[in-house]
Amino acid sequence: MPAVLGNIIVITALIAVVVLVVRSLWKSHKSSGGCNGDCGNCHGCH
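The notes below deal with the structure included here. Being a predicted model, the structure only gives us computed values, none of them experimental. Per chain, residues are indexed from 1 in the order of the written sequence. Thresholds applied to this predicted model are a pLDDT of at least 70 for local features of residues and 80 or more for the giving and counting of side-chain atom pairs; totals over whole chains, interfaces and linings are not thresholded and use all residues. For side-chain calculations, the full set of non-hydrogen atoms in the structure is used, while hydrogens and water are omitted.

This brings us to the overall build of the chain. A helix here means a DSSP run of H or I that spans at least four residues, while a strand means a run of E at least two residues long, and both kinds are numbered starting from the N terminus. Of regular secondary structure, the chain possesses 1 helix and 0 strands. Counting the 46 residues in the chain, one finds 0% classified as buried. Using the Shrake-Rupley algorithm and a 1.4 Å probe, accessible areas are obtained, with residue cover drawn only from the displayed protein chains. Accessible surface, the chain: about 4300 Å² in total, of which carbon and sulfur atoms supply 71%. Type-normalised accessible area, obtained with a 1.4 Å probe on protein chains alone, sets the label of each residue: buried when under 20%, exposed when over 50%, and partly exposed for intermediate values.

In structure tokens, the structure reads:
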């Protein structure tokens, strides 16, 4: 039974890391949007 509990803890930790990474990527995508090819509306282009 302890091996199963250890597996559950590891899987839960991995799922939490994946959720945090996806959330971070989603927030950065929504805030900056990245380059969309339209330099007229881009604040990062010079």
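We now examine a nonpolar patch on the surface. Where nonpolar side chains cluster on the molecular surface, the patch consists of M1, V4 and I8 and spans about 350 Å² of accessible area. Relative to the helices and strands, I8 resides in helix α1 (residues 2-32). Residues enter a patch when their relative accessible area is above 30% and they make no salt bridge; the linking distance is 9 Å between like charges and 5 Å between nonpolar side chains (Val, Leu, Ile, Met, Phe, Trp, Tyr). We count a salt bridge whenever a side-chain nitrogen from Lys or Arg sits within 4 Å of a carboxyl oxygen from Asp or Glu.

Take it as geometry only, folks, not as evidence of what the structure does.
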